[in-house]
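# Understanding the architecture of this molecule
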Amino acid sequence: MSAWRTLGVFIGVAVCLYAALVALMYSKQRSLLFYPQLTRNPPLAPEYQFEVDGATLRGWVVNPGQPRALLYFGGNGQDISLSRDDVATWAPDHTVYLVSYRGYGHSSGEPSEAALAADAIALFDHVSRSHAAVDVFGRSLGSGVAVHVAAVRPVRRLALVTPFDSVLRVGQGHYPWVPLAWLLKDPFESWRRAPKLVMPTFVVIAGQDDVTPPAHAEALIGAMPRPPEVLRLAQAQHSNVQVFPEYDAALRRFFATD
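Cut-offs and rules
- Residues numbered from 1 in each chain as written.
- Predicted model: local features only at pLDDT ≥ 70, side-chain atom pairs only at ≥ 80, totals over all residues.
- Heavy atoms only, no water.
- Helix = DSSP H or I, 4+ residues; strand = E, 2+ residues; numbered from the N terminus.
- Rg over C-alpha atoms; globule rule 2.2 N^0.38 Å.
- Buried < 20%, exposed > 50% of the residue type's maximum accessible area, 1.4 Å probe, protein only.
- Contact = heavy atoms within 4.5 Å.
- Areas by Shrake-Rupley, 256 points an atom, 1.4 Å probe, with all protein chains shown as cover.
- Polar contact = N/O pair within 3.5 Å; in protein donor to acceptor, adjacent residues only side chain to side chain.
- Pairing = 2+ DSSP bridges.
- Axes fitted to C-alpha atoms, helices over the stretch in contact; angles between N-to-C directions.
- 1 Å grid on protein atoms, 1.4 Å probe; cavity = no way out; pocket = protein on both sides within 12 Å on 5 of 7 lines; lining within 4 Å.
- Points joined across faces, edges and corners; volume = space filled by probe spheres on them.
- Arc of directions from axis to C-beta.
- Phe/Tyr/Trp six-rings, centres within 6.5 Å; stacked < 30°, edge-to-face > 60°.

## Considerations on the overall build of the chain
- When you go through the chain residue by residue, the secondary structure sums to nine helices and eight strands.
- Relative to the globule expectation of 18 Å for 258 residues, the C-alpha radius of gyration of the chain, 20 Å, shows essentially globular dimensions.
- Oriented by its inertia axes, the alpha-carbon framework of the chain measures out at about 80 × 35 × 30 Å.
- Taken across its 258 residues, the chain has 51% of its residues classed as buried.
- Partitioning the intrachain contacts of the chain with sequence separation of at least 6 by distance along the chain shows that 74% fall at a separation of at least 24.
- A total of about 12100 Å² of accessible surface is found on the chain, and carbon and sulfur atoms cover 59% of it.

Okay, structure coming up:
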């Protein structure tokens, strides 16, 4: 076999392997973005149920009976029931709704960007009927859900923790060899909605975040029409911002402000 023919065979095999790997990632992409399996055995039974199109969402209500509401949207593998006590201290004058995404916790259905966004809008509309104002909190993947709600509904205050400009851009940084722009079903392009975020906004950036690197949060901030309040935790990682005392203090102050 000639050298050229050998090279051609090698290139052909490499192309086939690459195509197979890309096809596998395309077919499995939602299992790489959503991790509901980590949340399906919460230590507390759900106490709240909300019906949406095609699914039943279940979760928890903290501080019932308060005039303001706070909607909490968690990360892609976060058991939000574990955040009940923390949220109660951040917003003691709010009724807090922690509702599991589709397919998460005890909620039925399958997660996708479109489904999570539609469910969040439906939850906002439902909650706003019985509260004077609604604040929204989004962490990690939940920041994309929170931004979507705040861009189309009258959110009073918006808090975003370890947010991103888009899942597409974050993913491209992790997988530069994959043409994600052609393949991604759930791009969560928060930067496109950011110009509509006119409410007071608070952003927490973890300086050592290797999941959603700080540059993505900074890009989101740059797309906002109103400069947000920003807490930069230089030593924090993506999943441990809550251990820093200034984090809790800043959130309490932010949600307490009229």
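## Topic: the side chain of Ser140
- Take Ser140: it is sitting in the loop between β5 (133-139) and α4 (141-152).
- Ser140 sits in the buried class, given a relative accessible area of 10%.
- Reaching out from Ser140, the side chain makes a polar contact with the side chain of His238 at a distance of 2.8 Å.
- Discounting chain neighbours no more than four positions away, the residues touching Ser140 are Gly75, Val161, Thr162, Phe164 and His238.

## Things to note about unusual backbone geometry
- Positive phi is not limited to glycine here, since Ser140 has a value of about 55°.
- Phi at Thr162 is positive, roughly 45°, even though this residue is not glycine.
- Along the chain, Thr162 falls in the loop between β6 (158-161) and α5 (167-174).
- Assessed through its relative accessible area of 2%, Thr162 is described here as buried.

## A few points about the sheet that holds β5
- The eight strands lie next to each other as β1-β2-β4-β3-β5-β6-β7-β8, forming an open sheet whose pairing is mixed. Only two strands of the sheet have a single partner each, and these edge strands are β1 (48-52) and β8 (229-233). Mean inter-strand twist for the sheet, computed between neighbouring axes without regard to direction, equals 20°.
- Strands in contact with helix α3 (residues 113-128) are β1, β2 (55-62), β3 (68-73), β4 (94-99) and β5; relative to β1, the strand with the most contacts, it is inclined by about 120°.

## Considerations on the layout of surface pockets
- Considering only enclosed or pocket space, the largest pocket measures out at about 760 Å³ in volume.
- As for the largest pocket, its lining consists of 36 residues, and the residues nearest its centre are Leu32, Leu33, Tyr35, Asn76 and Val211.
- Contributions of two or more residues to the lining of the largest pocket are made by α1 (3-33), α2 (84-90), α5 and α6 (180-183).
- At six residues, α1 tops the list of elements feeding residues into the lining of the largest pocket.

## Things to note about α5
- Burial in α5 covers these residues: Val167, Leu168, Val170 and Gly171. The buried side chains of α5 occupy one side of the element, clustering within an arc of 165° when seen end-on.

## Focus: the packing of aromatic side chains
- Here the structure, examined in full by the defined rule, presents ten aromatic pairs.
- On the basis of an interplanar angle of 10° and a centroid distance of 4.8 Å, the ring pair of Tyr72 and Phe137 is categorised as stacked. In this pair, Tyr72 is assigned in strand β3 and Phe137 in strand β5, connecting sequence segments 65 residues apart. Each member of the pair, Tyr72 as well as Phe137, carries the same accessibility label: buried.

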